[in-house]
Amino acid sequence: MEKKFDFKSIIGSFQLYGDLISVNPYGNGHINDTFEVVCNQSGTRVRYILQRINTNVFRDPVNLMENIRRVTAHLNSRCGDSRQTLTLVPAKDGKCYTVDAEGNYFRTYLFIENAQSYDILENSKQAYEAARAFGKFQADLADISGGRLAETIKDFHNTPVRVQNLENAIKMDKCNRLKDAAAEIDFVLSRKESCGKLIALQQQGLIPERITHNDTKLNNVMIDDATQSGICVIDLDTVMPGLAHYDFGDMVRTGTSPAPEDEVDLSKIYMRFEMFEALLRGYCSEAGKVLNDCELEYLPFAGALITLEIGTRFLTDYLEGDVYFKTHRPGHNLDRARSQFQLVRSIESQMDEMQKLLNNVRKEIKK
Ligand code: ADP
Ligand code: GN1
Ligand code: MG
């Protein structure tokens, strides 16, 4: 990581005790900078997670942190276990973040020990558990008090707006990359009509706004090493009003393929039906009680839509010159877009079976 920060002073401004031993980059996130901080507290090695908020992406870090403060306080009042809810370490001035001399915003969380987040799920038990944790998260936040949470990114899951952004990027072709992406552009534009489906259902009053996580990538849930249960939902920057489908859809995108998000060998990318089933059952075991019939009906569709949407965002970023997502090689965003579209194909081809399974699960919930 080429950026240099004055970690001693940043960490010194939080209510952390003991001697700082090390600070190292941590995790595989595409947006924020995450660091593992190790301190020596009277002979005990204690770890924390320090994050620099990406303010190019999150323009209003103060309201973002206020959302996170409210959400973690609410979850903590439900279950006071510091391994099951992220715990913010306060700064010495009482705020839940600090700003360094260069204007970078940092926050610190207690480190959740003896648990992992997985980029690729290894088995259907993990899928069930991760989805159950996200479903519980959604259900637990249904009665958060204090007014509507701030929208940390406007139109974050507004798929028609995401397609419009792609069309703008096509018109500009700033980096002369259009020539490499014709097939991918066709792929999105040929599905344009279905992109507004969920928003239309919401406008018709058939599906309600809820508090959703909006970034339910499967590596945003910690799985306990000993029990393999999904213990804690993390990465709370995008917790805000949304639709249940945004969360379930992104779980299908990230939890069903055996290959990574940027796999270049497209033959390795497909939706494992047993993982879809585990996600659906895990999610519904907690959220099923609150979802209405129309919400349930569109869960399989959400898997295809959100995968198409994130692929569209990768493609747009490729055309715009890789300005949003962190990239690690030339063409990285285009590779990511291609892999997402391959997964969309696979999800679409299994839609009938997904719908059949959904009907069974729905009957089980109603019993
Ligand atoms: P990003 O927004 O960049 O994805 P995350 O908040 O998801 O950042 O953090 C990146 C990674 O750091 C996670 O995938 C997880 O492995 C690890 N991580 C984040 N918070 C904690 C925590 N409190 N305890 C342990 N590991 C954490
Ligand atoms: C980003 O922060 P991270 O890596 O969990 C992105 C998500 C995308 C995801 C694709 C704020 O998530 O929307 O789905 O990359 N987060 C933001 O991997 O844009
Ligand atoms: Mg993350």
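Residues numbered from 1 in each chain as written. Chains lettered and ligands numbered in written order. Predicted model: local features only at pLDDT ≥ 70, side-chain atom pairs only at ≥ 80, totals over all residues. Heavy atoms only, no water.

**Structural notes on the overall build of the protein**
Working step 1: Each helix and strand in the protein was counted, giving 12 helices and 10 strands.
Working step 2: Here the protein has a C-alpha radius of gyration of 20 Å; the compact-globule value for 367 residues is 21 Å, and the two agree.
Working step 3: For the protein, the spread of C-alpha atoms along the principal axes amounts to about 60 × 55 × 40 Å.
Working step 4: Residue pairs at least 24 apart in sequence account for 74% of intrachain contacts in the protein once pairs closer than 6 positions are excluded.
Working step 5: Total accessible area computed for the protein in this model is approximately 16,100 Å², and 48% of it derives from carbon and sulfur atoms.
Working step 6: Each charge sign in the protein was given a centre, from 45 positive and 52 negative side chains, and these centres are 1 Å apart. (Helix = DSSP H or I, 4+ residues; strand = E, 2+ residues; numbered from the N terminus. Rg over C-alpha atoms; globule rule 2.2 N^0.38 Å. Contact = heavy atoms within 4.5 Å. Areas by Shrake-Rupley, 256 points an atom, 1.4 Å probe, with all protein chains shown as cover. Lys, Arg positive; Asp, Glu negative; His and termini not counted. Charge placed at Lys NZ, Arg CZ, Asp CG, Glu CD.)

**Side note on unusual backbone geometry**
Working step 1: Even without glycine at this site, Asn176 takes up a positive phi of about 55°.
Working step 2: Inspection of the secondary structure assignment puts Asn176 in the loop between helix H4 (159–172) and helix H5 (182–189).
Working step 3: In this structure, Asp322 is a non-glycine residue whose phi angle is positive, near 60°.
Working step 4: Structurally, Asp322 is set in the loop between helix H10 (299–320) and helix H11 (332–349).
Working step 5: When its relative accessible area of 22% is taken as the criterion, Asp322 is described as partly exposed. (Buried < 20%, exposed > 50% of the residue type's maximum accessible area, 1.4 Å probe, protein only.)

**A short note on the site of ligand 1**
Working step 1: Ligand 1 sits among 19 residues. The nearest are Gln51, Ile112, Ser117, Asn220 and Asp235.
Working step 2: Take Leu110: an N or O atom from its main chain is 3.0 Å from a nitrogen atom of ligand 1.
Working step 3: In this structure, an oxygen atom belonging to ligand 1 sits 2.9 Å away from a side-chain N or O atom of Asp235.
Working step 4: In the complex, the protein chains occlude 94% of the 550 Å² of accessible area that ligand 1 would expose alone.
Working step 5: Secondary-structure elements contributing two or more residues to the shell around ligand 1 are strand S3 (44–52) and strand S5 (105–110).
Working step 6: For the shell around ligand 1, the per-class residue count stands at 10 nonpolar, eight polar and one charged. (Near = heavy atom within 4 Å. Polar contact = N/O pair within 3.5 Å; in protein donor to acceptor, adjacent residues only side chain to side chain. Nonpolar A, V, L, I, M, F, W, Y, C, P; charged D, E, K, R; others polar.)

**As for the site of ligand 2**
Working step 1: Surrounding ligand 2, one finds 17 residues, the nearest of these being His30, Lys217, Glu261, Arg313 and Tyr324.
Working step 2: Contacts to ligand 2 include Asn220, whose side-chain N or O atom sits 3.3 Å from an oxygen atom.
Working step 3: Asp235 places a side-chain nitrogen or oxygen 3.0 Å from an oxygen atom of ligand 2.
Working step 4: Here ligand 2 loses 97% of its free accessible area of 450 Å² to cover by the protein chains.

**Quick look at helix H3 (residues 124–140)**
Think of an α-helix as 3.6 residues a turn; residues three or four steps apart then line up on the same face.
Working step 1: Between its first and last C-alpha, H3 extends 24 Å over 17 residues, near the 24 Å set by a 1.5 Å rise per residue.
Working step 2: The buried fraction of H3 amounts to 12 of the 17 residues, a majority that puts the element mostly inside the structure.
Working step 3: What H3 keeps buried is the set Gln126, Ala127, Glu129, Ala130, Ala131, Arg132, Ala133, Phe134, Gly135, Phe137, Gln138 and Asp140.
Working step 4: The N-cap residue of H3 is Asn123: its side-chain oxygen and the backbone nitrogen of Lys125 are 3.2 Å apart. (Expected span 1.5 Å × (residues − 1).)

**Describing the sheet that holds strand S6 (residues 115–116)**
Working step 1: The sheet built from three strands is open, its strands ordered S6-S8-S9 with antiparallel pairing. The two strands at the open ends of the sheet, each matched to only one other strand, are S6 and strand S9 (230–233).
Working step 2: Relative to strand S8 (residues 221–224), S6 runs antiparallel, the two being bridged by two bridges. Bridging across to S8, Gln116 finds its partner in Ile223.
Working step 3: This element, H3, spans S8 and S9 of the sheet and lies at about 45° to S9. (Pairing = 2+ DSSP bridges. Axes fitted to C-alpha atoms, helices over the stretch in contact; angles between N-to-C directions.)

**Re the environment of Cys39**
Working step 1: Mapped onto the secondary structure, Cys39 falls in strand S2 (residues 33–41).
Working step 2: Taking relative accessible area as the criterion, Cys39 reaches 2% and is therefore assigned buried.
Working step 3: Separated by 58 residues in the primary sequence, Cys39 and Tyr97 have C-alpha atoms spaced 19 Å apart.
Working step 4: The contacts of Cys39, once residues within four sequence positions are left out, are Tyr17, Asp19, Leu20, Ile21, Thr44, Arg45, Val46 and Tyr48.

**Some remarks on the environment of Val89**
Working step 1: Here Val89 lies in the loop between helix H2 (61–78) and strand S4 (98–99).
Working step 2: Looking at Val89, the relative accessible area reads 5%, which means it is buried.
Working step 3: Distance in space between the C-alpha atoms of Val89 and Gln350 is 45 Å, their sequence separation being 261 residues.
Working step 4: What Val89 contacts, discounting residues up to four positions off in sequence, is Phe14, Gln15, Leu16, Tyr48, Thr108, Tyr109 and Leu110.

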